[in-house]
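Take a look at the letters that make up each chain.
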Amino acid sequence: MLGFLLRLLPFWVREPLLIAVGSVLGVRIMYLAVRDHDRVAAGLGVVFLVFTAIRVYAVIRALRARRNPSPTASADGAAVDVAAQAQAQAGIGPRPSPGTPEKEHNAWGQAVAAVAVFGTLAAALWVAPRFMPSDDNTPQPASCSGGAHEELPNAYKDTPQPVTGEELCKALNRPDLAKLLGTPGETATTVSSTNNTAPLTDGKVAQPEAEVTFDTYTVNVSATYNELTTDQYVKLMKFGDEKDIKTLTVLGRPAVLSSDHTMKLEINLGSGGSGGPVEQGPLARTLVVALDRHDRGGYCEITVWSTSGAFPNDSALLNIAEKVLPRIPERPVR
């Protein structure tokens, strides 16, 4: 159908149109082929450019033919002019008029108009990818889901200036988080946040939480608004199975580093609906930092682990804490 419509167009409209479209598509495809190192696209671009070169050659030959008509064409033209003059003298047919220059002028006008119109369309096609959504299949980083309409538990209403799970998620899900973990080429696959309350507190202690998962590491951040100080937290760890306990200061706040295994729980969704036993998961590294400089109670917990059992250097946790903690308001004086 398209080919039929093109054949209906005059020569001086059709050929400039094919040249404009072929050159734009050829150059664009070659640019994409060079950028993406795609040989198939490069071959297609060469086909378009060769096709355009052939059309340009045809137009040049036509222009030369119009400027230098052949003797046969001149003789035929002279015969036609004599016949036209004879008809005019005999009162038959139309009077001679300077029609040939006018037709040539119209042909050139049509050609210029076609080139202008399709040149504008070609420019629009060229610029459009910069302003329109790309069809690139590269996976985009996961984003925090909005929880603006989620009703917070009463523990958050009773806690002065508590941070929510969504706010923690936005503080943690940074563009440079993978770089801080030492894996700059990775993209977050899943992101989640909750407005939980601490276990065994009858829902009276707010404990918002956010988690970001990469191919290599998973990072979890939570804030617990209880009365437990960092010093008391260290004493509790000594009764547990935590390893590599190290006290330090982060942004002027008391903090402690420790290692412990995560828990692995399998749930069977089959006919029985039973789950497997709780097993020991991979080793995780945790940084606990007080919610204020005076350690009045409450803490922020940053934990990193991977399915392989490895975790980054402690400097990664410290760098993450320095980015996340300023987004968590310090506990006011009670």
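Residues numbered from 1 in each chain as written. Predicted model: local features only at pLDDT ≥ 70, side-chain atom pairs only at ≥ 80, totals over all residues. Heavy atoms only, no water.

**Examining the layout of surface pockets**
Selection criterion: A 1.4 Å probe that fits but cannot get out identifies a cavity on a 1 Å grid over protein atoms alone, an open set with protein on both sides within 12 Å along at least five of seven lines counts as a pocket, and a residue lines either if it has an atom within 4 Å of a point. Grid points are joined across faces, edges and corners, and a volume is the space filled by probe spheres set on the points. A run of H or I in DSSP counts as a helix once it spans at least four residues, and a run of E counts as a strand once it spans at least two, with each numbered from the N terminus. Nonpolar residues are Ala, Val, Leu, Ile, Met, Phe, Trp, Tyr, Cys and Pro. Charged residues are Asp, Glu, Lys and Arg, and all others, Gly as well, are polar.
Quantified by volume, the largest pocket comes out at close to 710 Å³. In this structure, the largest pocket is lined by 21 residues; those nearest its centre are Tyr-233, Asp-260, Thr-286, Glu-301 and Thr-303. Mapped by element, the contributors of at least two residues to the lining of the largest pocket are strand E2 (206-213), strand E3 (218-224), helix H9 (230-239), strand E5 (253-264), strand E6 (279-290) and strand E7 (299-305). No other element matches the five residues that E5 contributes to the lining of the largest pocket. Looking at side-chain class alone, the lining of the largest pocket contains eight nonpolar, nine polar and four charged residues.

**Comments concerning the nonpolar core**
This is how the line gets drawn: Grouping buried Ala, Val, Leu, Ile, Met, Phe, Trp, Tyr and Cys residues that are joined through side-chain atoms within 4.5 Å yields what is termed a nonpolar core. Type-normalised accessible area, obtained with a 1.4 Å probe on protein chains alone, sets the label of each residue: buried when under 20%, exposed when over 50%, and partly exposed for intermediate values. What makes two residues a contact is simply this: any of their non-hydrogen atoms within 4.5 Å.
Judged by nonpolar contacts, the single largest core of 37 residues is most densely connected at Leu-172, Leu-181, Val-219, Val-221, Leu-287, Ile-320 and Ile-328. Apart from the residues within four sequence positions on either side, Val-219 is in contact with Leu-172, Leu-181, Ala-210, Glu-211, Val-212, Ile-302, Thr-303, Val-304 and Ile-320. Formed by seven residues, the second largest nonpolar core is a distinct cluster that contains Val-234, Met-237, Val-256 and Val-288.

**Description of unusual backbone geometry**
Phi angles above zero are rare outside glycine, and Asp-202 is one such case at about 55°. Along the chain, Asp-202 falls in the loop between strand E1 (190-197) and E2. Asp-202 gets classed as exposed once you look at its relative accessible area, which sits at 69%. The phi dihedral of Asp-295 is positive, around 55°, even though this residue is not glycine. Tracing the chain through its elements places Asp-295 in the loop between E6 and E7. Judged by relative accessible area, which is 16%, Asp-295 ranks as buried.

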